[in-house]
Amino acid sequence: MSINYKSVSVIGLGYIGLPTAAIVANRGINVIGVDNNPDVVNVLKTGNTHIAEPDLDILVHAAVNSGSLKVVSTPEKSDIFIIAVPTPFKENHKPDISYIDNAIKSIASIIEKNNLIILESTSPVGTTEYIANLIAELRPDLQLPLSNKENADVNIAYCPERVLPGKILQELVENDRIIGGISDVCSEKAKEFYKIFVKGNCIITNSRTAEMTKLTENAFRDVNIAFANELSIICDEIDINVWELINLANRHPRVSILQPGPGVGGHCIAVDPWFIIDAAPKQSKLLRVSREVNDSKPDVVIKKISDEMRKYDNPVVACLGLSFKANIDDLRESAALKIVHNLVNSNTGNYLVVEPYINKLPIGLADNVNVKLVDIDTALDSANIILGLVEHSEFINISSDRLLNKSVVDTKGIWKTK
Ligand code: SAJ
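Residues numbered from 1 in each chain as written. Predicted model: local features only at pLDDT ≥ 70, side-chain atom pairs only at ≥ 80, totals over all residues. Heavy atoms only, no water.

Engineer: Sorry, what's going on with the environment of Asp377 here?
Structural biologist: The topology assignment puts Asp377 in helix α13 (residues 376–382). Residue Asp377 is classed as partly exposed on the basis of its relative accessible area, which comes to 45%. Sequence spacing of Asp377 and Ile131 is 246 residues, and the spatial spacing of their C-alpha atoms is 53 Å. A polar atom in the side chain of Asp377 sits 2.9 Å from the side chain of Arg402. (Helix = DSSP H or I, 4+ residues; strand = E, 2+ residues; numbered from the N terminus. Buried < 20%, exposed > 50% of the residue type's maximum accessible area, 1.4 Å probe, protein only. Polar contact = N/O pair within 3.5 Å; in protein donor to acceptor, adjacent residues only side chain to side chain.)

Engineer: How do you make sense of a nonpolar patch on the surface when you look at a structure like this?
Structural biologist: Nonpolar side chains collect at one region of the surface, where Ile234, Ile238, Ile240 and Leu245 lie side by side and expose about 320 Å² of accessible area between them. With respect to the helices and strands, Ile240 occurs in the loop between α8 (207–238) and α9 (242–249). The exposure class of Ile240 is partly exposed, given its relative accessible area of 41%. (Patch = residues over 30% accessible without salt bridge, like charges linked within 9 Å, V, L, I, M, F, W, Y side chains within 5 Å. Areas by Shrake-Rupley, 256 points an atom, 1.4 Å probe, with all protein chains shown as cover. Salt bridge = Lys/Arg side-chain N within 4 Å of Asp/Glu carboxyl O.)

Engineer: Help me out: how do you make sense of the sheet that holds strand β11 (residues 371–373) in this one?
Structural biologist: Hydrogen bonds between backbone atoms are what pair the strands of a sheet, whose relative direction is either parallel or antiparallel. Here we have five strands laid out as an open sheet, ordered β11-β10-β9-β12-β13, and parallel in their pairing. The open sheet is flanked by β11 and β13 (407–410), the only strands paired with a single partner. Pairs of neighbouring strands in the sheet enclose a mean axial angle of 20 degrees, with direction left out of account. As judged from the four bridges shared by strand β12 (residues 385–388) and β13, these two strands associate in the parallel manner. What sits directly across from Ile385, in β13, is Ser407. The sheet contacts of helix α12 (residues 335–344) involve β9 (316–320), β10 (350–354), β11 and β12, and relative to β10 the element is tilted by about 155 degrees. (Pairing = 2+ DSSP bridges. Axes fitted to C-alpha atoms, helices over the stretch in contact; angles between N-to-C directions. Contact = heavy atoms within 4.5 Å.)

Engineer: Can you walk me through a negative patch on the surface in this structure?
Structural biologist: Where like charges cluster on the molecular surface, the negative patch consists of Glu150, Asp184, Glu188 and Glu192. Position of Glu192 relative to the elements: it lies in helix α7 (residues 184–194). By relative accessible area, which is 40% here, Glu192 ends up partly exposed. (Lys, Arg positive; Asp, Glu negative; His and termini not counted. Charge placed at Lys NZ, Arg CZ, Asp CG, Glu CD.)

Engineer: What am I meant to see in the site of the ligand here?
Structural biologist: The environment of the ligand is made up of 20 residues, and the closest members are Glu161, Val163, Lys214, Asn218 and Gln259. Interatomic distance of 2.7 Å between a backbone N/O atom of Val163 and an oxygen atom of the ligand. Side-chain polar atom of Lys412 to an oxygen atom of the ligand: 3.5 Å apart, as the coordinates give it. When the residues that make up the shell around the ligand are grouped by side-chain class, the tally is nine nonpolar, three polar and eight charged. (Near = heavy atom within 4 Å. Nonpolar A, V, L, I, M, F, W, Y, C, P; charged D, E, K, R; others polar.)

Engineer: I keep staring at the packing of helix α1 (residues 17–25) against helix α3 (residues 56–66) and nothing clicks. Help me out?
Structural biologist: Packed helix pairs are specified by the crossing angle of their axes together with the interaxial distance, meaning the distance between the axes. Where α1 meets α3, the closest approach of the two axes is 9 Å, and the angle between their N-to-C directions is 55 degrees. By the criterion of interaxial angle, the relationship of α1 to α3 is oblique. Where α1 crosses over α3, the two elements pack in a sense that is left-handed. Contact residues: Leu18, Pro19, Ala22, Ile23 and Ala25 in α1; Leu56, Leu59, Val60 and Ala63 in α3. (Parallel < 35°, antiparallel > 145°, perpendicular 65-115°, else oblique. Left-handed = near helix turned anticlockwise from the far one by under 90°.)

This is the structure we're talking about:
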């Protein structure tokens, strides 16, 4: 059996699906990009993008204009299907794989012999086997690799995305990929495909280990950020500068402490550890505590600001940054946004928000009379409290004399050298 790579469908044109579709299309392969959000489809059809990511607009524009990337709302027949849809968690921190479920159901009737199906979404352990079983149920006419490992009609593999927002195009090509097929044949077929555009190594394992690898990477990061965040809380208590402390400790050849912050944001690191905790709740002690430490950090910052505000008759707080990390426009799960939102809704003080990556305040802030989106100079001139939340390049260059005679709460160590 051989797979030809004449057409590749990418289901879900978000932060991972769209760059993947654009890169593959620019390798001369016909790509069908599928998204069930009509607004996304309409924007992309014109060659524009709905995602701010360096150089992505150029790549998408080129692929759409050359005809190698076709954007549609209903899946079409294809040689390869890549599933890159979200996997959030539900209220109780249980993984929600309904988007994967719907994606598989949307392609089930058009799957043909020799197709390769690759799941890229961050997924709980066992999801790839689950989709193989789902396809078996929906398409009893097909031989699946669960029962026929060598000569299945359809091959299925898990290959998690591992790219960093802000560096997606570079990391999609350069990072190593972990490939976990339902069978060895599935893994080999998937590896053949990734080798078209991946310069990093493509390393083969089974699907469950590949799923757990992805979760582990983000859980590792979460636990280490929790260590840094806990240190910052301890240092506040015993009056030590945490930035200096970490700098000094990191001079040890085997110590590499991450940076404290206002909390962990984004849609990956704050979410993925829960998929492990859900699978083995009793055994996941450290992971759970780390999540709790990181989730409680915004409240620590809010308390600090409330204490500072009591020192002023008319407290005006300059809130520098809303995004979940530096130099991007992404506000999803942002700890900075949560902090500003809670402060603004506490009905004390006035707030001047500076966020160079947005041009209007998000819903939840926009309707409040005590908050305005302003430029850096206006905020620094008018505020008596400066709250550093995101280390955007624009903020790092603020000179120390602009901070003189003001209360400064610097959650990211933006001005640690000043
Ligand atoms: N953060 C800290 N201190 C640090 C580092 C990060 O507080 O020392 C905070 C950031 O401010 C941010 C959050 O953690 O709020 C996450 O930021 P990040 O830049 O560490 O990671 P993400 O969420 O943008 O991307 C992560 C990456 N995972 C790892 O580095 C292990 C990326 O490679 C994954 O592909 C991505 O999750 C994903 O999609 O899963």
